[in-house]
Every structure is written in structure tokens, then in C-alpha cells.
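What follows is the residue order along each chain.
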Amino acid sequence: MIEMLERPAVRHRVLPFSVERYHRLRDSGVVPVRTELLNGVIVEKMTKSPRHTLLAHRLLDRLAVDLPPGYQLRKEDPLTLATSEPEPDLAIVLGDMETYRDCHPTRAELTVEIAVSNVEVDRAKADLYAGAGVSVYWLVLADARAVEVYTQPRTNGYQSMETRRLGQTLETWYGTRIPLATLFA
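Given the structure is predicted, the values throughout are model-derived calculations rather than measurements.

Conventions used here
Residues numbered from 1 in each chain as written. Predicted model: local features only at pLDDT ≥ 70, side-chain atom pairs only at ≥ 80, totals over all residues. Heavy atoms only, no water. Helix = DSSP H or I, 4+ residues; strand = E, 2+ residues; numbered from the N terminus. Polar contact = N/O pair within 3.5 Å; in protein donor to acceptor, adjacent residues only side chain to side chain. Contact = heavy atoms within 4.5 Å. Pairing = 2+ DSSP bridges. Axes fitted to C-alpha atoms, helices over the stretch in contact; angles between N-to-C directions. Phe/Tyr/Trp six-rings, centres within 6.5 Å; stacked < 30°, edge-to-face > 60°. Buried < 20%, exposed > 50% of the residue type's maximum accessible area, 1.4 Å probe, protein only. Salt bridge = Lys/Arg side-chain N within 4 Å of Asp/Glu carboxyl O.

Thoughts on the side chain of Glu148
Alright, step 1. When you line up the elements, Glu148 lands in strand E7 (residues 146–154).
Alright, step 2. Of note is the side chain of Glu148, whose polar atom sits 2.5 Å from the side chain of Tyr150.
Alright, step 3. Residues in contact with Glu148, not counting those within four places in the same chain, are Arg123, Tyr137, Trp138, Leu139, Leu141, Met161, Glu162 and Thr163.

Okay, structure coming up:
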């Protein structure tokens, strides 16, 4: 079935899902729980490896240090965007839990995806996050022991991407510093 999507004539006739339709299908139990909507396409999420989990928790612990008042750090929770509802591994959003009682955040200051096996899907999410005005996107490349740092979002993608490697440090706008040697230890 999936091979059909590799045919351009078929791919151009696929009907994208709206965020609202995705919610209706999810709420009715038609769509499996381990999915996310990316540019109108329902995509199965990868199972998390122990390495993925370790890196996520290391970042979670470090990002939580000195998190400014009025922001919350979320783990694997949805962001509702125009045509997508990704679930970044980590995100820092404005507001507290009560702010999102009836809806998911629509933007974030920082999103983080950890790529252990499927780098291209996570790299494609950069355009989604940029279009939603996410200030900074970190793509953690587990095998390369590096992090791609995307900044300066525009509607058509990020204007800047820099790769940080061992010996370098990630910094947040609120002053938290994360040496890559510590992250990948």
C-alpha cells in the first residue's frame, strides 16, 4: 500500500487531513495513538529506543534548570499548527498547564527532536516549526553526536542552521548551557 505513495500520479491525488479532521478521527479511536499529523499526512511515530530516552531525559533535566516563570517544559506533547500536530520530544512554551486546558499550544520558544533512526522526518519538521514561529529548533543527531540548531524562523523555513559538535555548547535564551560532551557522555 505505501509503495503507491511513491508514484507521483498517486501522490498528487492524496487528500490531506486537516487538524480538525485528525482530532475527530483520533477522538473516535480510528487513528492509532502513536501518530502525529505532519502537513496533512498521518505519520506513525517511531518507538523510542533506550538511547533516545536517555538523551531526552538528559535534556529535560538541563532545560528545566532556571526555566523562566511563565514558561513550561513539555515532553512529547502536541503543538497544534496550521496543517500539522507534531509531538516534539521536548518543547518550551509560554503559559502554564491551565493555559492549555482546552487546547494545545500553537507555538513554542524552543522545540527539540531527538533523531536516533529517522533523521529525515525530524529534519522535515524544521519547516513546520519555522512556519509556526518556533524561535529555535534543536535536532539532536544521536549517531553523529551533534545537534543542528535552527534559528531565525520565517514562513518558508529557518534562515540559519548551525551544527554543534562535541566540545561545543547549546545555550538557551534564559542562560542554561548544555555542553555536548555532557549530553552525549
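Re the sheet that holds strand E5 (residues 110–115)
Alright, step 1. Spatially, the 6 strands line up as an open sheet ordered E3-E4-E5-E6-E7-E8, and their pairing is mixed. Both outer strands of the open sheet, strand E3 (71–75) and strand E8 (157–165), are each paired with one neighbouring strand and no more. When strand polarity is set aside, the average angle formed by the axes of neighbouring strands in this sheet is 20 degrees.
Alright, step 2. Direction of pairing for E5 relative to strand E6 (residues 136–141): parallel, over a ladder of 6 bridges. Opposite Val112, over in E6, you have Trp138 as the bridge partner.
Alright, step 3. Packing against the sheet, helix H3 (residues 50–64) makes contact with E3, strand E4 (90–94), E5 and E6, and its axis sits at approximately 160 degrees to E5.
Alright, step 4. In the packing of helix H4 (residues 119–131) onto the sheet, contacts are made with E5, E6, E7 and E8, and the angle to E6 comes to roughly 175 degrees.

Digging into the packing of aromatic side chains
Alright, step 1. The tally for this structure, following the rule as stated, stands at 5 aromatic pairs.
Alright, step 2. Summarising the aromatic geometry, the rings of Tyr71 and Trp173 are spaced 5.4 Å apart at their centres and angled 65 degrees between planes, so their arrangement reads as edge-to-face. Taken as a pair, Tyr71 in strand E3 and Trp173 in the loop between strand E9 (169–171) and strand E10 (177–179) lie far apart in primary sequence, 102 residues in all.
Alright, step 3. A relative accessible area of 24% places Tyr71 in the partly exposed class.

A word on the pattern of salt bridges
Alright, step 1. Tallied over the full model, the rule gives 15 salt bridges.
Alright, step 2. The salt bridge involving Glu148 is made with Arg123; its shortest N-O contact spans 2.6 Å. Here Arg123 lies in helix H4 and Glu148 lies in strand E7, a separation of 25 residues in the sequence.
Alright, step 3. Looking at Glu148, the relative accessible area reads 6%, which means it is buried.
Alright, step 4. Judged by relative accessible area, which is 28%, Arg123 ranks as partly exposed.
Alright, step 5. The salt bridge partner of Glu162 is Arg164, with a shortest N-O separation of 2.7 Å.

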